[in-house]
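# A structural walkthrough
Here's the letter readout for the chains.
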Amino acid sequence: MKKSTLKFEVDLDENHLPTTITMHSSEKSEEDLMIKSLMVSAWDSSKQETLKLDLWTKDMMVNEMFIMYHQTLMSMASTLKKSTGHEKLAGALIDYCDFFAEQTKIRESK
């Protein structure tokens, strides 16, 4: 069986705040990707809870974070619809995303 690895390396400053985040994938032969933010969620079925890790570098701007949240929430709405078929819930999340974009004055980057 083939294995795939996704690796994140985080450099911290003297206050233990992330200064750089580097992402490497065993699937791509390209160079490592420098990223400003990372959000990971994993489901622990034995405890019936989500494990989360949210990191962002000191130089990530608030507007960039708003865009990332908006795109992440839109992706979650799409995945919810595809995986459960629950169009009403997915539609409600998309409606919230529209409200979020309006309140933060951002537009989804394409």
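Now for a look at the structure at hand. (Residues numbered from 1 in each chain as written. Predicted model: local features only at pLDDT ≥ 70, side-chain atom pairs only at ≥ 80, totals over all residues. Heavy atoms only, no water.)

## Structural notes on the overall build of the protein chain
A count of helical and extended segments in the protein chain gives two helices and five strands. For the protein chain, the succession of helices and strands along the chain, N to C, is β-β-β-β-β-α-α. Radius of gyration (C-alpha) of the protein chain: 17 Å, far over the 13 Å computed for a compact globule of 110 residues. Evaluated residue by residue, the protein chain yields a buried proportion of 21% over its 110 residues. Looking at the protein chain alone, contacts between residues at least 24 apart form 33% of all its contacts between residues at least 6 apart. On the protein chain, roughly 8800 Å² of surface is accessible, and the fraction owed to carbon and sulfur atoms is 56%. (Helix = DSSP H or I, 4+ residues; strand = E, 2+ residues; numbered from the N terminus. Rg over C-alpha atoms; globule rule 2.2 N^0.38 Å. Buried < 20%, exposed > 50% of the residue type's maximum accessible area, 1.4 Å probe, protein only. Contact = heavy atoms within 4.5 Å. Areas by Shrake-Rupley, 256 points an atom, 1.4 Å probe, with all protein chains shown as cover.)

## As for helix α1 (residues 62–84)
Taking 1.5 Å per residue as the helical rise, α1 with its 23 residues ought to reach 33 Å, and the 32 Å between its terminal C-alpha atoms agrees with that figure. For α1, the complete set of buried residues consists of M65, I67, M68, H70, L73 and A77. Of the surrounding secondary structure, the elements contacted by the buried residues of α1 are β4 (37–44), β5 (49–56) and α2 (87–104). (Expected span 1.5 Å × (residues − 1).)

## Thoughts on the sheet that holds strand β1 (residues 6–12)
The strand order across the open sheet formed by three strands is β1-β2-β3, and the pairing between neighbours is antiparallel. Bordering the open sheet on either side are β1 and β3 (33–35), each of which pairs with just one other strand. Here the strands of the sheet are splayed against their neighbours by 25 degrees on average, with no regard to which way each runs. Pairing of strand β2 (residues 18–25) with β3 involves three bridges; the strand directions are antiparallel. If you follow M23 over to β3, its bridge partner there is L33. (Pairing = 2+ DSSP bridges. Axes fitted to C-alpha atoms, helices over the stretch in contact; angles between N-to-C directions.)

## Comments concerning the layout of surface pockets
Estimated volume of the largest pocket: approximately 200 Å³. The wall of the largest pocket is formed by M39, V40, S41, T50, K52, D54, T72 and M76. Sorting the residues of the lining of the largest pocket by element identifies β4, β5 and α1 as the ones contributing at least two each. Residues that form the lining of the largest pocket fall into these classes: three nonpolar, three polar and two charged. (1 Å grid on protein atoms, 1.4 Å probe; cavity = no way out; pocket = protein on both sides within 12 Å on 5 of 7 lines; lining within 4 Å. Points joined across faces, edges and corners; volume = space filled by probe spheres on them. Nonpolar A, V, L, I, M, F, W, Y, C, P; charged D, E, K, R; others polar.)

## With respect to the packing of α1 against α2
The geometry of α1 relative to α2 is characterised by a closest axis approach of 8 Å and an angle of 170 degrees between their N-to-C directions. By the criterion of interaxial angle, the relationship of α1 to α2 is roughly antiparallel. Judged by residue contacts, N63, F66, Y69, H70, L73, M74, M76, A77, L80 and K81 of α1 engage E87, L89, A90, L93, I94, Y96, C97, F100, A101 and T104 from α2. For the contact of α1 with α2, the per-class residue count stands at 15 nonpolar, three polar and two charged. (Parallel < 35°, antiparallel > 145°, perpendicular 65-115°, else oblique.)

## Some details on the pattern of salt bridges
The final tally for this structure, using the stated rule, is five salt bridges. Here K2 makes a salt bridge to E27, at a shortest N to O gap of 3.7 Å. With K2 in the segment before β1 and E27 in the loop between β2 and β3, this residue pair connects regions lying 25 residues apart in the sequence. A relative accessible area of 46% means that E27 is categorised as partly exposed. One salt bridge in this structure joins K58 and D13, with 2.8 Å as the shortest N-O distance. One end of the pair, K58, is in the loop between β5 and α1; the other, D13, is in the loop between β1 and β2, and 45 residues separate them in sequence. (Salt bridge = Lys/Arg side-chain N within 4 Å of Asp/Glu carboxyl O.)

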